Amino acid sequence: MLELLIVITIIGILAGILIPNLADLISGAEKTKTKASFSGYIAAITAYKSHYKYYPLLFNSEEPFDLSESDNRDKFIMSLRGSRLVGDSWQPLTGNEALYNRSSRLFHSFDEEEFDDEGYLADTWGNRHIKVIIDYDRDGFITLPSDSEVEELDGSKIKKDIVIYVLGKDDENRQGEDVFSWAGDD
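Keep in mind that this is a model prediction, so the values were computed, not measured. (Residues numbered from 1 in each chain as written. Predicted model: local features only at pLDDT ≥ 70, side-chain atom pairs only at ≥ 80, totals over all residues. Heavy atoms only, no water.)

Evaluated as defined, the whole model comprises 13 aromatic pairs. These aromatic residues form a ring-pair network of at least three members: Y41, F76, F110 and F115. Note that R73 overlies the ring of Y120, its terminal NZ or CZ placed 4.2 Å from the centroid. Looking at K159, its charged tip hangs above the ring of F141, at a distance of 5.3 Å from the centre. (Phe/Tyr/Trp six-rings, centres within 6.5 Å; stacked < 30°, edge-to-face > 60°. Lys NZ or Arg CZ within 6 Å of the ring centre and 35° of its normal.)

Below, the structure is given as structure tokens:
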């Protein structure tokens with residue numbers, strides 16, 4: 001009987017050690033997946049700029065471009081996909097839509113995992129409030145917005161052409177975390 005209590009105690013101690021670490025590993029994996037999506041968007045915007053010699057027309061300042069707004073989301077996808085999602089199928093750009101990607105070139109394919117249930121781009125926690133900032137004035141720097149609640153958003157200038165971020169506090173489900181495309185860069 002004593003041996004059984006010792007085994008149960010050891011299992012309890014190990015569980016107490018492993019379970020919090022497992023949650024950290026899962027959270028770290030979700031951050032990594034979100035950051036990988038951001039890297040894909042940055043590569044696509046960079047390829048767009050390389051092809052057309054200018055950034056997608058939807059960017060008209062260095063203010064954060066919020067992909068949770070349906071019009072912004074649609075323009076972002078049309079620019080990088082070269083087609084428009086209608087229901088469950090991709091349709092060619094027509095009329096004024098063609099201005100966003102005039103040769104309908106595919107810069108990013110947009111996997112179904114990148115969308116939430118309502119067709120919005122979202123991070124791995126389901127947060128739609130993905131913000132994109134480009135170096136609109138082409139001075140080689142982006143001035144980050146200021147947010148007293150977020151250490152990384154301190155109004156400083158960073159040497160980047162494109163940054164993307166999402167804030168956990170914007171997540172309606174309050175499950176998300178802050179993810180920054182530039183975090184960890186040296």
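With that out of the way, let us pick up the sheet that holds strand 7 (residues 162-166). Taken together, the 4 strands give an open sheet; going across it, the order is 1-4-7-8, and neighbouring strands pair in antiparallel fashion. Pairing within the sheet leaves two strands with one partner each, and these edge strands are strand 1 (65-66) and strand 8 (179-180). Across 2 bridges, strand 7 lies against strand 8 in antiparallel orientation. Within strand 8, the position partnered with V166 by the bridge is V179. (Pairing = 2+ DSSP bridges. Helix = DSSP H or I, 4+ residues; strand = E, 2+ residues; numbered from the N terminus.)

With respect to the helices and strands, the residue K131 is situated in strand 4 (residues 130-134). Classification of K131 by relative accessible area gives buried; the value is 12%. At 3.2 Å, the side chain of K131 and the side chain of D170 are in polar contact. Here K131 is in contact with P64, F65, D66, V163, I164, Y165 and D170, once residues within four sequence places are set aside. (Buried < 20%, exposed > 50% of the residue type's maximum accessible area, 1.4 Å probe, protein only. Polar contact = N/O pair within 3.5 Å; in protein donor to acceptor, adjacent residues only side chain to side chain. Contact = heavy atoms within 4.5 Å.)

Turning next to the nonpolar core. Among the nonpolar cores identified, the biggest contains 30 residues, and F59, F76, L121 and V132 are the most heavily contacted of them. Every element with two or more residues in this core is listed here: helix 1 (2-52), helix 2 (70-81), strand 4 and strand 7. When residues of this core are assigned to their parent elements, the largest contribution, 7 residues, is made by helix 1. With sequence-adjacent residues up to four places away left out, V132 is seen in contact with I45, F59, E63, P64, F65, L67, F76, I162, V163 and I164. I133, I142, V150 and V163 belong to the second largest nonpolar core, which has 11 residues in total. (Core = buried A, V, L, I, M, F, W, Y, C linked by side-chain atoms within 4.5 Å.)

Under the criterion given, the structure shown has 11 salt bridges. Residues R73 and D74 are paired through a salt bridge, measuring 3.0 Å at the closest nitrogen-oxygen approach. Judged by its relative accessible area of 23%, D74 is partly exposed. The shortest N-O distance in the salt bridge between D116 and R128 comes to 2.6 Å. Remark: R128 occurs in the loop between strand 3 (89-92) and strand 4 and D116 occurs in the loop between strand 3 and strand 4; sequence separation between them is 12 residues. Assessed through its relative accessible area of 19%, D116 is described here as buried. Here the residues in one salt-bridge network are D116, E118 and R128, joined through shared partners. (Salt bridge = Lys/Arg side-chain N within 4 Å of Asp/Glu carboxyl O.)

This next bit is on helix 2. If you check helix 2, its first and last C-alpha atoms are 16 Å apart, about what 12 residues at 1.5 Å a residue would give, namely 16 Å. After helix 2 finishes, the residue G82 shows a positive phi value of roughly 80°. (Expected span 1.5 Å × (residues − 1).)

Once that is clear, we can look at the environment of P64. The residue P64 is located in the loop between helix 1 and strand 1 in this model. Along the backbone, P64 and R138 are 74 residues apart, and their C-alpha atoms lie at a distance of 16 Å. In this structure, P64 is in contact with K131, V132, I133, P145 and Y165, ignoring residues within four places of it in sequence.

Attention shifts here to the side chain of R73. Here R73 lies in helix 2. Looking at R73, its side chain comes within polar contact range of the main-chain oxygen of G119, at 3.4 Å. With near-sequence residues (within four places) excluded, R73 lies in contact with L67, E118, G119, Y120 and L121.

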